[in-house]
Amino acid sequence: GQQHPQTGRYSSSDCCSTSHIIYRNGIKFGDLSIPACAEHPVSKRVIESAIIVFNLAIIYHIHGERYPCMLLKAKSLYEKCTCLLFSAGCFSGHVFCSTGLPVLDLLSMALFNNMSQICFERSEYVALDSLIHLLVEVIDSKVSYPTVESNSTMRHFKSIFLLNVM
């Protein structure tokens, strides 16, 4: 795999093998210090748990590139992260959209992106289609983030994830 020259956050395999791009960087707890997070009704502890589970899933996912059996563990952890986000009230009903909190939106996009890559690798095309739909819902949501910098950063991430879907 290669590191993306601008963001350093993605890796893609050679064009001759299955082409996939996964989000490889862990989400940092420091990202939760965004002022809007304190006012948001989402439980900070549940979000922290989801971040820990997501970061662990990335480790299994990366090792799954060499040891495919680890992809199942990564997928299971990504699913647990999704359940945690639901239980924290990050999404209304079964609708996935931007929350307005950069750390949650980045986590959601990375989560659906990485889960879709595993489904692609495992030829689980029905699940892949659903995950791509969820990812596009988050990407397509029109929200304003707390700062000009976070708006710019999130536009950048959304464009990268959207290009990956194509």
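Anyway, here's the lowdown on the structure attached to this text.

Conventions and cut-offs
- Residues numbered from 1 in each chain as written.
- Predicted model: local features only at pLDDT ≥ 70, side-chain atom pairs only at ≥ 80, totals over all residues.
- Heavy atoms only, no water.
- Helix = DSSP H or I, 4+ residues; strand = E, 2+ residues; numbered from the N terminus.
- Expected span 1.5 Å × (residues − 1).
- Buried < 20%, exposed > 50% of the residue type's maximum accessible area, 1.4 Å probe, protein only.
- Salt bridge = Lys/Arg side-chain N within 4 Å of Asp/Glu carboxyl O.
- Phe/Tyr/Trp six-rings, centres within 6.5 Å; stacked < 30°, edge-to-face > 60°.
- Arc of directions from axis to C-beta.

### What about helix 6 (residues 148–165)?
- The terminal C-alpha atoms of helix 6 lie 26 Å apart, and with 18 residues this matches the ideal 26 Å at 1.5 Å per residue to within 8%.
- Every buried residue of helix 6 is accounted for by Ser150, Asn151, Met154, Phe157, Lys158, Ile160, Phe161 and Asn164.

### Comments concerning the pattern of salt bridges
- Applying the stated rule across the entire model yields 4 salt bridges.
- Glu124 is paired through a salt bridge with Arg122; the nearest N and O atoms lie 3.0 Å apart.
- Here Arg122 falls in the partly exposed class, since its relative accessible area comes to 35%.
- The structure contains a network of salt bridges with shared partners spanning Lys75, Arg122 and Glu124.

### Remarks on the side chain of Ser150
- Among the structural elements, Ser150 can be located in helix 6.
- Judged by relative accessible area, which is 12%, Ser150 ranks as buried.

### Some details on the packing of aromatic side chains
- In the structure shown here, the tally under the stated rule is 4 aromatic pairs.
- Ring centres of Tyr23 and Phe157 lie 6.4 Å apart, and the angle between their planes is 65°; this geometry places the pair in the edge-to-face category. Of this pair, Tyr23 sits in strand 3 (residues 21–23) while Phe157 sits in helix 6, placing them 134 residues apart in sequence.
- Given the relative accessible area of 5%, Phe157 is considered buried.

### Comments concerning helix 5 (residues 125–140)
- The terminal C-alpha atoms of helix 5 lie 22 Å apart, and with 16 residues this matches the ideal 22 Å at 1.5 Å per residue to within 8%.
- The complete set of buried residues in helix 5 reads Leu128, Leu131, Leu134, Leu135, Val138 and Ile139. Down the axis of helix 5, the buried set is contained in an arc of 140°. They therefore lie on one face. For helix 5, exposure combined with an orientation more than 90 degrees from the buried face picks out Val126 and Asp129.

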